[in-house]
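A structural walkthrough
Take a look at the letters that make up each chain.
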Amino acid sequence: MAAFVLRRLVQAALVMAAVGLIAFALFRFVGDPVVFMLGQDATPAERAAMSAQLGLDQPFHVQYGRFVARAVQGDFGLSLRQLRPVSTLFAERLPATLELSLAAALFAVAVGIPMGVYTALKPRSWLSQAFLVVSLIGVSLPTFLIGILLILVFAVQLGWLPSFGRGDVVMLGGWSTGLLTVSGLKALILPSITLGLFQMTLIMRLTRSEMLEVLRADHIRFARARGLPDRLVHFRHALRNTLVPVITVAGLQLGSIVAFAIITETVFQWPGMGLLFIQSVMFADVPVMGAYLCLIALLFVIINLVVDLLYYAVDPRLRLDGAAAH
Amino acid sequence: MSALLEVRHLRVAFETRRGPLVAVDDISLQIGEGEILGMVGESGAGKSVTGTAILGLLEPPARITAGEILLEGSRIDNLAPEAMRRLRGKRIGAIFQDPLTALDPLFTIGQQLVETILTHDAVGARAARDRALKLLGEVGIPAPEKRLDQYPHQLSGGMRQRVVIALALCAEPRLVIADEPTTALDVSTQAQIIELLKRLARTRGTAVLLITHDMGVIAETADRVAVLYAGRIAEIGPVREIVHAPLHPYTTGLMGAIPKLGALRSRLAQIDGAMPRLDAIPPGCAFHPRCTQRLAQCDREIPRAVAVDGREVACWLHGESSRG
Ligand SMILES: Nc1ncnc2c1ncn2[C@@H]1O[C@H](COP(=O)(O)OP(=O)(O)O)[C@@H](O)[C@H]1O
Ligand SMILES: [Mg+2]
């Protein structure tokens, strides 16, 4: 177990080092920081002095080392646009994005898995056919279009739900949450459906195909031969075996939900990190862009790690001889 | 004679776009209380389909299209799914070929035994666990308390097959259908599992339909044997007589080399050719293209089973005169 975790941690560190290199290259090569600081018409001597002050005359690996050392402490410098620490900007935006992403993931899993199980158990029912058609639409329509359609129907036509923003938020320590107010919860509905719909259809289709596969397995046939009722065969044996691969994929999708939140946040003017990123791209705010890149990468790495551990907990085969098998 | 299990003129077909393919045709057999009936034949002869039909586990496109199956005198082939489900495991147990895949990898041995016991008998969790322990001991698993909390992958193939047997016996069925229970095991383990099956059948008085393609296993284990060829019974009767004096030319071929238990997969080398596929079963006796003793009518008319010396054989060499 310890060896397993250690190996995963080393892999994670390597991935982060590589992403850090890309973010660092962004700092170095997208625009010249010296020009940013001094303006176009500084003398070469002034530039050299500024370069030395910023450490830009040092060898590449020294500069990278310094960048990593500061990044590890969460220091990505100042936003060029807002002239505030990048870390502060992200700390303000993080809760909005995480709450949206978790709500979207919850929606995707809570709706996708039951729909997948149903379509596998009752492949011929009209409801299953309907689910499959809906899922096809969910996969093929682009996110922004789904968002706009939802706004059109539920915000503009019916007027039930707000079309933008987070509603009222409450501060819990440093965390601004929209989950404790009615307007916050209402504001969460459309964006989280928009963001989660694609993953929901993905999880539904995956659950369905895995479940169909498992239902053909020998041990399911033997469970029937033992006389177990359908309830146990389907929801104890088949479902549990289905969930092992579904958990993995669903967990990994959480990372892409956060990454894809950029589009949804833009459509709904959701004050999260994605919106911050889009705004910083338009102003070529390099420190914010680099920090976003690192943050998303860190998220993927953490999620991968957690999913591996979860997998480990669900599947007894990995638990005992996993160390030997990998 | 009141048999425990009686199969009458069973026919099973797979519905395909190009019409039905008949995998089992006109099979009749009986199994008495505590008797071991061997069922032997080449791969694809219809052995598993017969066993699956008896268990009521045929899945579309397979379907029983004719005949009936009776357990202790009452029909079970037309039971409602829920009634058949209750009967499975309780009155007919099943043992499958591959112990490596028959157990759910995500549940412990104990969980699988206990859920099976609780499904069939109204006992408490405590009593179910005790019975699970006793069963594991009975099928020869050492240190059963320890095994109960282990997962299938922690057991060897032979041990897993013993667990599968314990699972089949959970509700003390009077009949067990064992479909190639030793095929996936190594030779020495095969002998142990066969020994165990024989012992359990004897001590518990459980009847067994022992399906195998290994005549050696049958010769050592069964009381009677049914020889299947292309979905039909070529010959059925007491093992000793059939082994020593086969009447059907196909049985003679099978007997040509009775392998030592478990060995030899190529024992049919001396019968030229291969068993026909379901969509190309020849007219008349399905065996006639491979038969060295065929007669004029063999490729025209299907021979009916006739009684000869206490057994039944479906071959034109035997008894056609007695039928007129
Ligand atoms: N699901 C299926 N669909 C079509 N044909 C099948 C299916 N299952 C088995 N068969 C055919 O039925 C015949 C009998 O198969 P089976 O009973 O499994 O043979 P065996 O005697 O080796 O156990 C074979 O010809 C096989 O190809
Ligand atoms: Mg078979």
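As a reminder, the structure under discussion sits directly above these lines.
The structure contained in this document is the topic of the report that follows.

What counts, and where the lines are drawn
Residues numbered from 1 in each chain as written. Chains lettered and ligands numbered in written order. Predicted model: local features only at pLDDT ≥ 70, side-chain atom pairs only at ≥ 80, totals over all residues. Heavy atoms only, no water. Helix = DSSP H or I, 4+ residues; strand = E, 2+ residues; numbered from the N terminus. Contact = heavy atoms within 4.5 Å. Areas by Shrake-Rupley, 256 points an atom, 1.4 Å probe, with all protein chains shown as cover. Lys, Arg positive; Asp, Glu negative; His and termini not counted. Charge placed at Lys NZ, Arg CZ, Asp CG, Glu CD. Buried < 20%, exposed > 50% of the residue type's maximum accessible area, 1.4 Å probe, protein only. Expected span 1.5 Å × (residues − 1). Pairing = 2+ DSSP bridges. Axes fitted to C-alpha atoms, helices over the stretch in contact; angles between N-to-C directions. Near = heavy atom within 4 Å. Polar contact = N/O pair within 3.5 Å; in protein donor to acceptor, adjacent residues only side chain to side chain. Core = buried A, V, L, I, M, F, W, Y, C linked by side-chain atoms within 4.5 Å. Left-handed = near helix turned anticlockwise from the far one by under 90°. Nonpolar A, V, L, I, M, F, W, Y, C, P; charged D, E, K, R; others polar. Right-handed = clockwise from strand over helix to strand, strands pointing away.

With respect to the overall build of chain B
Within chain B, the secondary structure is distributed over 12 helices and 12 strands. Viewed in the frame of its principal axes, chain B has a C-alpha envelope of about 65 × 40 × 40 Å. At a minimum sequence separation of 6, the contacts of chain B that also span at least 24 residues come to 64%. When the accessible surface of chain B is totalled, it reaches about 13,800 Å², and 51% of it is carbon and sulfur. Each charge sign in chain B was given a centre, from 38 positive and 37 negative side chains, and these centres are 2 Å apart.

As for the overall build of chain A
Along the backbone of chain A there are 13 helices and 2 strands. Classification of the 326 residues of chain A by burial places 42% in the buried group. Within chain A, contacts between residues at least 6 apart in sequence are counted, and of these 70% link residues at least 24 apart. Of the roughly 16,500 Å² of accessible surface on chain A, 71% is carried by carbon and sulfur atoms. With 24 positive and 17 negative side-chain charges, chain A shows a separation of 13 Å between the mean positions of the two kinds.

Notes on the side chain of Thr251 of chain B
You can see Thr251 of chain B is positioned in helix α11 (residues 249–255). Given a relative accessible area of 0%, Thr251 of chain B falls into the buried group.

A look at helix α7 (residues 157–169) of chain B
Residues and elements named next belong to chain B. The end-to-end C-alpha separation of α7 is 18 Å, in line with the 18 Å expected for 13 residues at 1.5 Å each. Across the 13 residues of α7, 12 count as buried, placing the element largely inside the fold. When we look at burial in α7, the residues that qualify are Gly158, Met159, Arg160, Gln161, Arg162, Val163, Val164, Ile165, Ala166, Leu167, Ala168 and Leu169.

Examining the sheet that holds strand β1 (residues 5–16) of chain B
Residue and element names in this part refer to chain B. Here 4 strands make up an open sheet; going across it, the order is β2-β1-β4-β5 and the pairing antiparallel. For this open sheet the edge positions go to β2 (19–31) and β5 (74–75), each flanked by a neighbour on one side alone. As paired strands, strand β4 (residues 62–71) and β5 are joined by 2 bridges and run antiparallel to one another. Bridge pairing in β5 links Leu70 to Arg75. Docked against the sheet, helix α1 (residues 47–55) engages β1, β2 and β4, running at close to 110° with respect to β1.

A word on the environment of Ile189 of chain A
Its location among the elements puts Ile189 of chain A in helix α8 (residues 182–215). For Ile189 of chain A, a relative accessible area of 37% puts it in the partly exposed group.

Points about the site of ligand 1
All names here are of chain B. Contacts to ligand 1 come from Phe14, Ala23, Glu42, Ser43, Gly44, Ala45, Gly46, Lys47, Ser48, Val49 and Leu278. Val49 places a main-chain nitrogen or oxygen 2.8 Å from an oxygen atom of ligand 1. The protein chains hide 61% of the 560 Å² of surface that ligand 1 would expose on its own. Per-element tally for the shell around ligand 1: the top contributor is α1, with 3 residues.

Here's the deal with the side chain of Thr189 of chain B
All names here are of chain B. Tracing the sequence through the fold places Thr189 in helix α8 (residues 187–204). Judged by its relative accessible area of 13%, Thr189 is buried. Here Asp186 takes part through its side chain, which lies 2.8 Å from a polar atom of the side chain of Thr189.

A look at the nonpolar core
Judged by nonpolar contacts, the single largest core of 96 residues is most densely connected at Leu5, Leu29, Ile92, Leu113 and Ile165 of chain B. Sorting elements by how many residues they give to this core places α7 of chain B first, with 8 residues. Counting 30 residues, the second-largest nonpolar core is a separate cluster that includes Ile113, Ala155, Leu228 and Val233 of chain A.

Considering the packing of helix α5 (residues 86–121) of chain A against helix α10 (residues 230–267) of chain A
Residue and element names in this part refer to chain A. The geometry of α5 relative to α10 is characterised by a closest axis approach of 8 Å and an angle of 145° between their N-to-C directions. As α5 packs across α10, the resulting crossing turns out to be right-handed. Contact residues: Thr97, Leu100, Ser101, Leu102, Ala104, Ala105, Val109, Ile113, Val117 and Leu121 in α5; His234, Phe235, Leu239, Leu243, Val246, Ala250, Leu254, Ile257, Val258, Ala261 and Glu265 in α10. Residues that form the contact of α5 with α10 fall into these classes: 17 nonpolar, 3 polar and 1 charged.

Remarks on the environment of Ala184 of chain B
All names here are of chain B. Within the fold, Ala184 resides in the loop between β7 (175–179) and α8. Taking the C-alpha atoms as reference points, Ala184 and Cys298, separated by 114 residues in sequence, lie 37 Å from one another. For Ala184, the residues in contact, after removing those within four places along its chain, are Gln97, Asp98 and Pro99.

Structural notes on the sheet that holds strand β3 (residues 36–40) of chain B
All names here are of chain B. Ordered in space as β6-β7-β8-β3-β9-β10-β12-β11, the 8 strands form an open sheet in which the pairing is mixed. With partners counted over all chains shown, the strands left at the sheet margins are β6 (92–95) and β11 (306–308), one partner each. Sheet twist, expressed as the mean angle between neighbouring strand axes with direction ignored, is 20°. Pairing analysis gives 3 bridges linking β11 to strand β12 (residues 311–313), with the strands arranged antiparallel. Its bridge partner being in β12, Ala307 is matched across the sheet by Glu312. Relative to the sheet, α7 contacts β6 and β7, its axis offset from that of β6 by approximately 170°.

Concerning the pairing of β7 of chain B
Residue and element names in this part refer to chain B. Counting buried positions along β7 yields 5 of 5 residues, so the element is predominantly enclosed. Residues of β7 alternate between two faces, with Leu175, Ile177 and Asp179 on one and Val176 and Ala178 on the opposite face, all of them buried. The pairing of β6 with β7 spans 4 bridges and is parallel. Paired with Ala94 across the strands is Ile177, a residue of β7. When β7 meets strand β8 (residues 207–212), the two strands line up parallel, connected through 5 bridges. Each bridged residue has a counterpart across the sheet, and for Ala178 the counterpart in β8 is Leu210. Crossover β7 to β8 through α8 is right-handed.

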